[in-house]
Amino acid sequence: YLQNAYARIRSIFRKGGVTLDAPVWKLEDPRETDLARHLLRFGEMLQVTVDEFRPSFLCTYLFELAGKFHLFYENCPVLKADEPVRRSRLHLCDLTARTLQTGLDLLGIGTVEQM
């Protein structure tokens, strides 16, 4: 599930031929805001995971992140959205992918670019 979310995001960038420049944030949909807020908790979750010696906390966080991403992806067009919403959603996707990749890497799990 987590690797599927990561691979789906990488697919968005391949299909769209997208490169990113400076972030532009325009969160219009509640699912975008929910995903963004969850991403902001990553540092806090890492600290709690280390302090409590509980990798399951990180696993739960990443699973919830993948769920929030899939909900966002199903309801918020990314590549077909108009600017500046398109760019904002692309940055949200990129940040989600990097967070998933970092979290999985910390757990000793690799990521795949395609499924």
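Residues numbered from 1 in each chain as written. Predicted model: local features only at pLDDT ≥ 70, side-chain atom pairs only at ≥ 80, totals over all residues. Heavy atoms only, no water.

### Comments concerning the overall build of the protein
Check the secondary structure of the protein and you find five helices and zero strands. Along its sequence from the N terminus, the protein presents helices and strands in the succession α-α-α-α-α. Scaling as 2.2 N^0.38, a compact globule of 115 residues should have a C-alpha radius of gyration of about 13 Å, and the protein matches this with 14 Å. Each principal axis of the C-alpha atoms in the protein carries an extent, and together these give about 45 × 30 × 25 Å. (Helix = DSSP H or I, 4+ residues; strand = E, 2+ residues; numbered from the N terminus. Rg over C-alpha atoms; globule rule 2.2 N^0.38 Å.)

### Brief notes about the side chain of Thr96
Mapped onto the elements, Thr96 comes out in helix α5 (residues 85–106). Look at Thr96 and you get buried, because its relative accessible area is 0%. Not counting residues within four places of it along the chain, the set of residues in contact with Thr96 comprises Ile9, Leu35, Leu39, Leu65 and Phe69. (Buried < 20%, exposed > 50% of the residue type's maximum accessible area, 1.4 Å probe, protein only. Contact = heavy atoms within 4.5 Å.)

### Considerations on the confidence of the model for the protein
Summarising the model, the protein shows a mean pLDDT of 94, and 100% of its residues fall at 70 or more. Per-element mean pLDDT across the protein ranges from 91 in helix α1 (residues 2–16) up to 98 in helix α4 (residues 55–75). (pLDDT = per-residue confidence, 0-100.)

### Focus: the environment of Ala36
Within the secondary structure, Ala36 sits in helix α2 (residues 30–40). The spatial distance from the C-alpha of Ala36 to the C-alpha of Cys93 is 9.8 Å, given a sequence separation of 57 residues.

### What to know about the nonpolar core
One finds Leu35, Tyr61, Leu62, Phe69, Phe72, Cys93 and Leu100 to be the most contacted residues of the largest nonpolar core, which totals 27 residues. Listed by contribution, the elements that provide at least two residues to this core are α1, α2, α3 (42–52), α4 and α5. For this core, the element with the most residues is α4, which contributes seven residues. Ignoring anything within four residues of it in the chain, the contact list for Cys93 reads Ile9, Ile12, Phe13, Phe69, Phe72 and Val78. (Core = buried A, V, L, I, M, F, W, Y, C linked by side-chain atoms within 4.5 Å.)

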